[in-house]
Amino acid sequence: MSKTYNIFISHSWEYTDAYEKLVKLLDDKSYFSYNNHSVPKDDPVHTNGTDRELKIAITNKMSNCHCMLVMAGKYSTYSKWIKKEIDIAKNSFLREKPIIGIKPWANTQVSSVVKDNADIMVGWNTNSIVQAIKDYSI
């Protein structure tokens with residue numbers, strides 16, 4: 001029986017298409033089982049809208065995750081919440097959540113915020129992403 005990985009995928013709602021493509025890659029990978037603990041645009045966390053409440057909600061979603069995937073497009077450098085999610089993964093738990101940065105498909109520009117904080121950077125390739133999840137998950 002194979003392990004089921006709990007994953008938090010950090011992404012910008014403005015780039016939902018990249019998030020959806022990544023989820024499809026993982027869904028289509030045979031012999032790989034995971035639970036998605038992300039906050040997709042079509043299923044947001046419900047708070048009164050304060051940053052503090054949203055941070056608590058994201059921390060709760062991330063708490064049982066084995067690792068965090070971050071889309072490393074240039075836009076990630078400018079996203080307030082991607083930076084906060086990286087901070088949560090690094091500083092809100094007894095053990096840091098491993099961060100796997102995913103380089104955008106066919107894109108040479110990568111977010112320095114993601115690159116500087118990732119435990120590993122991988123290309124837009126299903127096998128590379130899944131192997132990094134298996135290798136780095138806590």
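A short tour of the structure in this document, coming up.

Calculation criteria
- Residues numbered from 1 in each chain as written.
- Predicted model: local features only at pLDDT ≥ 70, side-chain atom pairs only at ≥ 80, totals over all residues.
- Heavy atoms only, no water.
- Helix = DSSP H or I, 4+ residues; strand = E, 2+ residues; numbered from the N terminus.
- Buried < 20%, exposed > 50% of the residue type's maximum accessible area, 1.4 Å probe, protein only.
- Contact = heavy atoms within 4.5 Å.
- Polar contact = N/O pair within 3.5 Å; in protein donor to acceptor, adjacent residues only side chain to side chain.
- Pairing = 2+ DSSP bridges.
- Axes fitted to C-alpha atoms, helices over the stretch in contact; angles between N-to-C directions.
- Parallel < 35°, antiparallel > 145°, perpendicular 65-115°, else oblique.
- Nonpolar A, V, L, I, M, F, W, Y, C, P; charged D, E, K, R; others polar.

1. Section: the overall build of the protein
Helices and strands together make up the secondary structure of the protein, namely five helices and five strands. Helices and strands appear in the protein in the N-to-C order β-α-β-α-β-α-β-α-β-α. In the protein, which comprises 138 residues, the share counted as buried stands at 46%. Once local pairs closer than 6 in sequence are excluded, the contacts in the protein between residues at least 24 apart make up 69%.

2. A few points about the environment of Lys97
As for its placement among the helices and strands, Lys97 is situated in the loop between helix H3 (80–91) and strand E4 (99–102). C-alpha separation for the pair Lys97 and Ile138, spaced 41 residues apart in sequence, amounts to 7.2 Å. Within the structure, the side chain of Lys97 is placed 3.0 Å from the backbone oxygen of Cys65, a separation counted as a polar contact.

3. Topic: the pairing of strand E1 (residues 4–10)
Counting buried residues in E1 gives six out of seven residues, a clear majority hidden from the surface. With four bridges connecting them, E1 and strand E2 (residues 33–36) associate as parallel partners. Directly across from Asn6, in E2, lies its bridge partner Asn35. Here E1 pairs with strand E3 (residues 67–71) via four bridges, running parallel. Bridge pairing links Ile9 to Leu69 in E3.

4. Observations regarding the packing of helix H1 (residues 16–28) against helix H5 (residues 126–136)
In contact at an axis separation of 10 Å, H1 and H5 are set at 75 degrees when each is read in the N-to-C sense. On the basis of their axis angle, the class for H1 and H5 is roughly perpendicular. Of H5, the residues touching H1 (which contributes Leu22, Leu25 and Leu26) are Thr126, Ile129, Val130 and Ile133. Tallied by class, residues from the contact of H1 with H5 come to six nonpolar, one polar and no charged.

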